[in-house]
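# Coordinate inspection notes
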Amino acid sequence: MPLLLECAQVRGPEYLTQMWHFMCDALIKAIGTEPDSDVLSEIMHSFAKCVELMGDGCLNNEHFEELGGILKGKLEEHFKNQELRHAKRQDEDYDEQVEETLQDEDENDVYILTKVSDILHSVFSSYKEKVLPWFEQLLQLIVQLICPNRPWADRQWGLCIFDDVIEHCSPSSFKYAEYFLRPMLQSLCDTSPEVRQAAAYGVGVMAQYGGDNYRPFCTEALPLLVGVIQAADSRSKENVNATENCISAVGKLMRFRPECVNVNEVLPHWLSWLPLKEDKEEAVHTFHFLCDLIESNNPVVLGPENSNLPKIFLIIADGVANESVKTEDACSKRLANVIRQVQVSAGLWTQCVSTLNETQQKAIQDLLNTA
């Protein structure tokens, strides 16, 4: 469906709108009635992508009301199915074969939950805070997903939904903060890395978009984020994505809420944690902030007599070599300019480049050639 709409764009906005009106009601109805979970997930995915493509104005109040009711029903069904599976595990006929079936059912239910999250993301990103009243009952139900006793996948996707509320619906999102703030902060220390990652992302957008009401919670979050980052196994394969989201969140706290952080104290630690290598999207945020600091001649970042520049070169080189920085990213030009300013000083340039291995030196040269 979204591909059809993309093709229809060449016929002009009026034709595109007519095609969307032709399919919109049928898609919403199918989300509420389709019994096959595989087909349902595809319909939900298509609807979310269509809303992202069409943007603000593609849905009306009747659509919001109907969609809110349908998604609420999906969550209620999700909870009911979990209760039924719990009961089957207590049954006298329960065995390994039954457990395998129950796990398959659970995976299907979680996948539908991810599509609920996708739809809400598309709606919140398109309509911002003005759509919140239509989904208030649904948000109250989503709170159940992030309770500590829920499975980790429930907590993860429940937090992802509230991440979107903060990111796209602030400052109005604070009206609903009682639903999610305390669980979000507690989830920074969750045993599940997926839950920690969703919580850390939430703190980052809280700092960036949330508004003044979130300031005390930004301050409270900082030591929790640092604790995750400094844990002994924080860079292990299963933990690294959550850790990198925490590092990015600390950067966003310093960048957007410096009044909540002792920036001069935290900055040296933050630099030592760079670059991010796994989460490319969050890596871009960290490099933009690094550019802000360098371009403003921040003395903590540059060090006495620019003594930190070799370390900064190493961070940039590893970021480019790992494709965390791409030539089409705006920050690649900013990073290239930083390097060109150092080139002017032959002695400083030699000092910075001499600390790099062959791969890192090539990455620096590639950045200069393409940005």
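These notes cover the structure that comes with them. A quick note: this is a predicted structure, and the numbers were derived from the prediction, not measured. (Residues numbered from 1 in each chain as written. Predicted model: local features only at pLDDT ≥ 70, side-chain atom pairs only at ≥ 80, totals over all residues. Heavy atoms only, no water.)

## Here we look at the overall build of the protein
When helices and strands are tallied, the protein shows 18 helices and zero strands. Considered along the principal axes of its C-alpha atoms, the protein spans approximately 70 × 60 × 45 Å. Long-range pairs, those at least 24 residues apart, make up 70% of the contacts in the protein between residues at least 6 apart in sequence. Taken as a whole, the protein presents about 17,900 Å² of accessible surface, with 49% of it coming from carbon and sulfur. Taking the average place of the 31 positive charges on the side chains of the protein and the average place of its 57 negative ones, the gap between the two points comes to 6 Å. (Helix = DSSP H or I, 4+ residues; strand = E, 2+ residues; numbered from the N terminus. Contact = heavy atoms within 4.5 Å. Areas by Shrake-Rupley, 256 points an atom, 1.4 Å probe, with all protein chains shown as cover. Lys, Arg positive; Asp, Glu negative; His and termini not counted. Charge placed at Lys NZ, Arg CZ, Asp CG, Glu CD.)

## Regarding the layout of surface pockets
Space inside the largest pocket adds up to approximately 470 Å³. Along the wall of the largest pocket there are 21 residues; nearest its centre are Ser 117, Trp 157, Cys 160, Asp 164 and Tyr 201. Counting only elements with at least two residues in the lining of the largest pocket, the list comes to α3 (37-54), α5 (96-127), α7 (152-169), α9 (193-209) and α13 (280-295). It is α7 that provides the largest number of residues to the lining of the largest pocket, a total of six residues. Taken together, the residues of the lining of the largest pocket sort by class into five nonpolar, six polar and 10 charged. (1 Å grid on protein atoms, 1.4 Å probe; cavity = no way out; pocket = protein on both sides within 12 Å on 5 of 7 lines; lining within 4 Å. Points joined across faces, edges and corners; volume = space filled by probe spheres on them. Nonpolar A, V, L, I, M, F, W, Y, C, P; charged D, E, K, R; others polar.)

## Comments concerning the pattern of salt bridges
When the charged atoms of two side chains with opposite charge come close together, those side chains can pair. The final tally for this structure, using the stated rule, is 18 salt bridges. Here Glu 52 and Lys 49 are joined by a salt bridge, their closest N and O atoms 4.0 Å apart. Within this pair, Glu 52 and its partner Lys 49 are both found in helix α3, separated by three residues, close to a single helical turn. Here Glu 52 falls in the partly exposed class, since its relative accessible area comes to 38%. Note that Asp 56 and Lys 130 form a salt bridge whose closest N and O atoms lie 2.9 Å from each other. (Salt bridge = Lys/Arg side-chain N within 4 Å of Asp/Glu carboxyl O. Buried < 20%, exposed > 50% of the residue type's maximum accessible area, 1.4 Å probe, protein only.)

## Observations concerning the packing of α9 against helix α11 (residues 240-256)
Contact geometry of α9 with α11 gives a least axis separation of 8 Å together with a crossing angle of 15°. As judged from the angle between their axes, α9 and α11 are roughly parallel. Crossing handedness for the pair α9 and α11: left-handed. Only Asn 241, Ala 242, Asn 245, Cys 246, Ala 249, Lys 252, Leu 253 and Phe 256 of α11 make contact with α9, whose side of the interface consists of Pro 193, Arg 196, Gln 197, Ala 200, Tyr 201, Val 203, Gly 204, Ala 207 and Gln 208. (Axes fitted to C-alpha atoms, helices over the stretch in contact; angles between N-to-C directions. Parallel < 35°, antiparallel > 145°, perpendicular 65-115°, else oblique. Left-handed = near helix turned anticlockwise from the far one by under 90°.)

## Brief notes about a negative patch on the surface
There is a patch of like negative charges on the surface, built from Asp 91, Glu 92, Asp 93, Asp 95 and Glu 96. Assignment of secondary structure puts Glu 92 in the loop between α4 (61-89) and α5. Glu 92 gets classed as exposed once you look at its relative accessible area, which sits at 76%. (Patch = residues over 30% accessible without salt bridge, like charges linked within 9 Å, V, L, I, M, F, W, Y side chains within 5 Å.)

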